[in-house]
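Okay, here's what each chain looks like letter by letter:
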Amino acid sequence: MNLIDSVRRMVRTYPGGNEAVALRLDKSPSTLEKELRGAPGFKLGAEDAAEISAMCFDLGTQHARAYANALAARMNCLLVPLP
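Residues numbered from 1 in each chain as written. Predicted model: local features only at pLDDT ≥ 70, side-chain atom pairs only at ≥ 80, totals over all residues. Heavy atoms only, no water.

1. Regarding unusual backbone geometry
Despite not being glycine, Asp-26 has its phi angle at roughly 60 degrees, a positive value. With a relative accessible area of 72%, Asp-26 lands in the exposed category. Despite not being glycine, Asn-76 has its phi angle at roughly 60 degrees, a positive value. Its location among the elements puts Asn-76 in the segment after helix 5 (66–74). With a relative accessible area of 75%, Asn-76 lands in the exposed category. (Buried < 20%, exposed > 50% of the residue type's maximum accessible area, 1.4 Å probe, protein only. Helix = DSSP H or I, 4+ residues; strand = E, 2+ residues; numbered from the N terminus.)

As structure tokens, then:
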């Protein structure tokens, strides 16, 4: 799974979806949607991806670690959660 797909999956499982996440990031839902689909001229930043990860982790959503796992896999590493 690529990095953007992992964040897209997290946003989909966050309560309220794209609209709720965009509000928390102080972005318009259309801007976040364009960033998540890789529209020309729009890029999702690392800080936003990390913030989305933290928001999902705080709520215990199903794919809260998807971005961290995708980043670790891209670096040929394995993410091991601490107890």
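There's plenty left to go through after this.
2. As for the packing of helix 1 (residues 3–13) against helix 5
Their axes nearest at 8 Å, the elements helix 1 and helix 5 cross at an angle of 165 degrees. Taken together, the axes of helix 1 and helix 5 lie roughly antiparallel to each other. Here helix 1 and helix 5 pass one another in a crossing that is right-handed. Taken together, the residues of helix 5 that come into contact with helix 1 (itself represented by Leu-3, Ser-6, Val-7 and Met-10) are Ala-66, Tyr-67, Ala-70, Leu-71 and Arg-74. (Axes fitted to C-alpha atoms, helices over the stretch in contact; angles between N-to-C directions. Parallel < 35°, antiparallel > 145°, perpendicular 65-115°, else oblique. Left-handed = near helix turned anticlockwise from the far one by under 90°. Contact = heavy atoms within 4.5 Å.)

3. Considerations on the nonpolar core
With 19 residues, the main nonpolar core has Val-7, Met-10, Val-21, Leu-32 and Ile-52 as its most contacted residues. Breaking this core down by element, the ones donating at least two residues are helix 1, helix 2 (17–24), helix 3 (29–37), helix 4 (46–59) and helix 5. For Ile-52, the residues in contact, after removing those within four places along its chain, are Val-7, Met-10, Val-11, Val-21 and Leu-25. (Core = buried A, V, L, I, M, F, W, Y, C linked by side-chain atoms within 4.5 Å.)

4. Re the environment of Gly-17
Residue position: Gly-17 is located in helix 2. Between the C-alpha atoms of Gly-17 and Cys-77, which are 60 residues apart in sequence, the distance is 29 Å.

5. Concerning helix 2
The periodicity of an α-helix, 3.6 residues per turn, causes residues three or four places apart in sequence to face the same way. Every buried residue of helix 2 is listed here: Gly-17, Asn-18, Val-21 and Ala-22. For helix 2, the angular spread of buried residues about the axis comes to 125 degrees, placing them on one side. Exposed residues on helix 2 whose side chains face more than 90 degrees from its buried face are Glu-19 and Leu-23. In this structure, the buried residues of helix 2 make contact with helix 1, helix 3 and helix 4. The first or second residue beyond helix 2 is Asp-26, which carries a positive phi of 60 degrees. (Arc of directions from axis to C-beta.)

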